[in-house]
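Architecture and fold: a report
Listed here are the chains, written in short residue letters.
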Amino acid sequence: MLNVSLDLSNPCNLNCAYCFIEEKSSVRKLRRPDELTVEETMAILDDFAGAGARTVNLVGAGEPTIDPHFETIIDAITARHMTPVVFTNGLRFSTDHRLVRWLYQKNCTIVIKYNSSSAAVEDAIVGRSGYTRAREQAVELLRDAGFAGATPTRLGFDTVAFGANYAELPEIHRLARTRNIYPIIADYIPTGRTNHGLFDGNAAVDLLDDMTGDFVMSALQPLSALQRAALVRKLSEIDAALGVTRSADCAYYSGGRCTQLLGLYVDILGHIWPCVARQWRDQSVQLSPIGFWRDNDRPSLIWRSHPYLRHLRNTYTGACPYKNALRLS
Ligand SMILES: C[S@@+](CC[C@H](N)C(=O)[O-])C[C@H]1O[C@@H](n2cnc3c(N)ncnc32)[C@H](O)[C@@H]1O
Ligand code: SF4
């Protein structure tokens, strides 16, 4: 079980209209009363480490860097000889240079949100004016600290593909590749505010003024089949010109293969899932976890014994089991 994923606290300093980790009926991301305690999180890390995990992805549930126990948990991961991979919107880094330097010393990898270089698009879809400028500062600080100076790199961009950023995705991909930043360009995870891979409005959009709400509704429409095929082709051409080899089956437009197969995901309430998508391949059993930490289920045991996980391992191609195929035809 090499690569596992864990939530930190649910609150967030943004409110992305497309957030897959929040329900459609929720206006904003707030703390949940029954979140895992820090002691439970430590015990889960012990279980992960005992099963051989090498990397721990801190994937949410909200913004990990504002969890009050963030630094304690990073320390606990490194103390157990695992590498922390922090998925973040980067807002805190733009003002907290100490934290950036500290995370570098702790051997962290950082994956930062990068949907658009246009503030008009990014600020609207994340629900916070001034975010894009702060994110750019954060990227520069992370590069200055050396995160993109390592081999393999310790800096990634996580980009969600949608109508309003479609035309700039090749440039984001090229920018990442030429700066030793790992690119992740992906379709919607089919859950939460983008259930079934669609964007058809939610309570967070209703919160916006009419004009911004209308803009966000049209900006976040998923790519058409033609756009999807053209994007795979275009990014493959960029990679070929740069000498980057891609596998035929990818989970991301940017060429990466699915790595969720190498572990499990434990959410902030202690539910254990095969993947952050919180689905099984057979969508009739969508939204049912495969275990619950507080019922004494242990990820290490489920990993070895669960038939669905064995099935995933036996049918693995590198593609995402829950989204449309991204095969270069
Ligand atoms: C859930 S967030 C949590 C970490 C942090 N708050 C952030 O946004 O980077 C982790 C990553 O998932 C991405 N994400 C959020 N909603 C998504 C969706 N509906 N489909 C695909 N990716 C999504 C975010 O943009 C982010 O890069
Ligand atoms: S995607 Fe990340 S930054 Fe945006 S609302 Fe969700 S948790 Fe917060």
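The preceding data block contains the structure.
Below is a short write-up of the structure. In this text the structure is predicted, and so the values were computed from the model without any measurement.

1. Remarks on the site of ligand 1
Not every one of the 19 residues close to ligand 1 is listed here, only the nearest: Tyr 18, Val 59, Lys 113, Ile 189 and Thr 194. Residue Phe 20 places a main-chain N or O atom 3.0 Å away from a nitrogen atom belonging to ligand 1. Between Glu 63 and ligand 1, the recorded distance is 3.1 Å, taken from a side-chain N or O atom to a nitrogen atom. When residues of the shell around ligand 1 are traced back to their parent elements, those giving at least two are strand S2 (55–60), strand S3 (83–88) and strand S5 (155–160). A per-class count over the shell around ligand 1 returns ten nonpolar, five polar and four charged.

2. Side note on the site of ligand 2
Taken together, Cys 12, Leu 14, Asn 15, Cys 16, Cys 19, Lys 29, Ala 61, Gly 62, Asn 89 and Lys 113 form the complete shell of residues around ligand 2. For the shell around ligand 2, a count of residues per class yields five nonpolar, three polar and two charged.

3. Brief notes about unusual backbone geometry
The omega angle of the peptide bond from Gly 60 to Ala 61 is -5°, so this bond is cis rather than trans. Mapped onto the elements of the fold, Ala 61 is located in the loop between S2 and helix H2 (70–79). The peptide bond linking Thr 151 to Pro 152 adopts the cis configuration, its omega dihedral lying at -5°. Tracing the chain through its elements places Pro 152 in the loop between helix H5 (131–145) and S5. For Asn 107, which is not glycine, the phi torsion reads 70° and is therefore positive. Inspection of the secondary structure assignment puts Asn 107 in the loop between helix H3 (97–105) and strand S4 (109–113).

4. Focus on the pairing of strand S6 (residues 182–186)
Across the five residues that make up S6, a large majority, four, are buried. Two elements, S5 and S6, share five bridges in a ladder whose sense is parallel. Residue pairing in the sheet places Val 160 in a bridge with Ala 186 of S6. Chirality of the crossover, the property in question, places the unit of S5, helix H6 (residues 169–178) and S6 among those that are right-handed.

5. Describing the pattern of salt bridges
Taken as a whole and assessed by the stated rule, the structure comprises 18 salt bridges. Residue Lys 29 is joined to Glu 22 by a salt bridge in which the shortest nitrogen-to-oxygen separation is 2.9 Å. Among the salt bridges present, the one from Asp 46 reaches Arg 80, with a minimum N-O distance of 2.6 Å. Separated by 34 residues along the polypeptide, Asp 46 in helix H1 (residues 38–50) and Arg 80 in the loop between H2 and S3 bring together distant segments of the chain.

6. What about the sheet that holds strand S7 (residues 265–266)?
Backbone hydrogen bonds are what pair the strands of a sheet, in a parallel or an antiparallel way. Strand order in this open sheet of nine strands is S6-S5-S4-S3-S2-S1-S7-S8-S9, and the pairing throughout is mixed. Either end of the sheet is taken by a strand with one partner, and the two such strands are S6 and strand S9 (291–292). Where strand S1 (residues 3–7) and S7 come together, two bridges link them in parallel fashion. Bridging across to S7, Leu 6 finds its partner in Val 266. The sheet strands contacting H2 are S2 and S3, and the helix crosses S3 at an angle near 145°.

Conventions adopted
Residues numbered from 1 in each chain as written. Chains lettered and ligands numbered in written order. Predicted model: local features only at pLDDT ≥ 70, side-chain atom pairs only at ≥ 80, totals over all residues. Heavy atoms only, no water. Near = heavy atom within 4 Å. Polar contact = N/O pair within 3.5 Å; in protein donor to acceptor, adjacent residues only side chain to side chain. Helix = DSSP H or I, 4+ residues; strand = E, 2+ residues; numbered from the N terminus. Nonpolar A, V, L, I, M, F, W, Y, C, P; charged D, E, K, R; others polar. Buried < 20%, exposed > 50% of the residue type's maximum accessible area, 1.4 Å probe, protein only. Pairing = 2+ DSSP bridges. Right-handed = clockwise from strand over helix to strand, strands pointing away. Salt bridge = Lys/Arg side-chain N within 4 Å of Asp/Glu carboxyl O. Contact = heavy atoms within 4.5 Å. Axes fitted to C-alpha atoms, helices over the stretch in contact; angles between N-to-C directions.

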